[in-house]
Amino acid sequence: MKKFFSLVLFAHSIFAMPFALIGFFLGVTQASESFNWYLLLAVVLCMVFARNAAMAFNRYLDRDIDAKNPRTVTRDIPAGRVSANEALIFVIVNCLLFVTTTYFINPLCFYLSPIAIFVVLFYSYTKRFTALCHLVLGLGLGLAPIGAYIAVTGEFAIIPVLYAFAVLFWVSGFDIIYALQDEEFDRSEKLHSIPQALGRKNALQLSSVLHVFSACCVIAPLYFGNFGWPYYIGVLFFCSMLIYQHRLVKPNDISKVDRAFATTNGYASVVFALCFLADVYLKSR
């Protein structure tokens, strides 16, 4: 189990999981649904299973590429800690667990589950033919707040869709920053990415634009819902983290990419979610 946790980088769930919780509690409050521990557990399990399948499939599909890249040669499959067959079995098991769990939530979640699985797995192919792969990753993670909201209410609504777009633009923006590390490698291997296609300076500018869109999408719910001061603090902190990561990484200095990618964005999602939940709690009193 420990080696599979290493394979899927379980800690990276911190990016999408907080927004799934936002979608869940948004459904409980906005749609006046009652809180259900069983349903919350099912949503969390769906997030875990989908994330496991997506990351393990990415490692499985990229195993030969990772073996050539000095930055990724120590990953579990190239290093021999996990075999390719073990990784593929892990992917299949998690996909089945994901679909099975949605069956016990509601019919709409179950019917949409194959689409969700397709999106999160399809991302792993995209760098082979399009520089828009970062947006596909953002789309996959952006399903989290919508899926959690549907799990509670069985229907769509505008606010979780706005959060989905916030995640899409946020993730694609910071994934572009992360991809700066492999610009030359991607070019030599004929792989596609925004840094490979546009160069560092233009890639960072596009990442900034995407993060402006993300900021707009976390502000927009203020016009559709009744939010209090904790939410405003969350929005301010989230936007501050977007700005801060762009101050860490420059076209001529990408030494702080890991700090911008993991630490800054981890704080952004967790604190924003906590502020949202604090707002929900204060309104329920």
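A brief report on the enclosed structure follows. What you are looking at is a predicted structure, and each value in this text was computed from that prediction instead of being measured. (Residues numbered from 1 in each chain as written. Predicted model: local features only at pLDDT ≥ 70, side-chain atom pairs only at ≥ 80, totals over all residues. Heavy atoms only, no water.)

**Brief notes about a nonpolar patch on the surface**
Judged by side-chain polarity, Ile158, Ile219, Tyr223 and Phe224 come together as a nonpolar surface patch covering roughly 460 Å² of accessible area. Among the structural elements, Tyr223 can be located in the loop between helix H12 (200-219) and helix H13 (229-248). Residue classification places Tyr223 among the exposed positions, given a relative accessible area of 71%. (Patch = residues over 30% accessible without salt bridge, like charges linked within 9 Å, V, L, I, M, F, W, Y side chains within 5 Å. Areas by Shrake-Rupley, 256 points an atom, 1.4 Å probe, with all protein chains shown as cover. Salt bridge = Lys/Arg side-chain N within 4 Å of Asp/Glu carboxyl O. Helix = DSSP H or I, 4+ residues; strand = E, 2+ residues; numbered from the N terminus. Buried < 20%, exposed > 50% of the residue type's maximum accessible area, 1.4 Å probe, protein only.)

**Considering the side chain of Asn265**
Within the fold, Asn265 resides in helix H14 (residues 257-284). Excluding its chain neighbours within four sequence positions, the residues that come into contact with Asn265 are Phe15, Trp170, Phe174, Gln245 and Ala260. (Contact = heavy atoms within 4.5 Å.)

**A closer look at the packing of helix H9 (residues 158-179) against H12**
Any two packed helices are characterised by the angle at which their axes cross and by the distance between the axes. Direction vectors running N to C along H9 and H12 enclose 160°, while the axes themselves pass 8 Å from each other. Taken together, the axes of H9 and H12 lie roughly antiparallel to each other. The handedness of the crossing between H9 and H12 comes out as left-handed. Facing H9, whose interface residues are Leu162, Phe165, Ala166, Phe169, Trp170, Ser172, Gly173, Phe174, Ile176 and Ile177, H12 presents Ala203, Leu204, Leu206, Ser207, Leu210, His211, Phe213, Ser214, Cys217 and Val218. Partitioning the contact of H9 with H12 into residue classes produces 15 nonpolar, 5 polar and no charged. (Axes fitted to C-alpha atoms, helices over the stretch in contact; angles between N-to-C directions. Parallel < 35°, antiparallel > 145°, perpendicular 65-115°, else oblique. Left-handed = near helix turned anticlockwise from the far one by under 90°. Nonpolar A, V, L, I, M, F, W, Y, C, P; charged D, E, K, R; others polar.)

**Re the pattern of salt bridges**
Using the criterion set out here, one finds 10 salt bridges in the structure. Linking Asp182 and Arg71 is a salt bridge whose minimum nitrogen-to-oxygen distance equals 2.5 Å. One end of the pair, Asp182, is in the loop between H9 and helix H10 (183-188); the other, Arg71, is in the loop between helix H4 (63-68) and helix H5 (76-79), with 111 residues separating them in the sequence. Linked through salt bridges whose partners overlap, the residues forming this network are Glu183, Glu184, Arg187 and Arg200.

In short, the description is geometric, and any link to function would need to be established separately.
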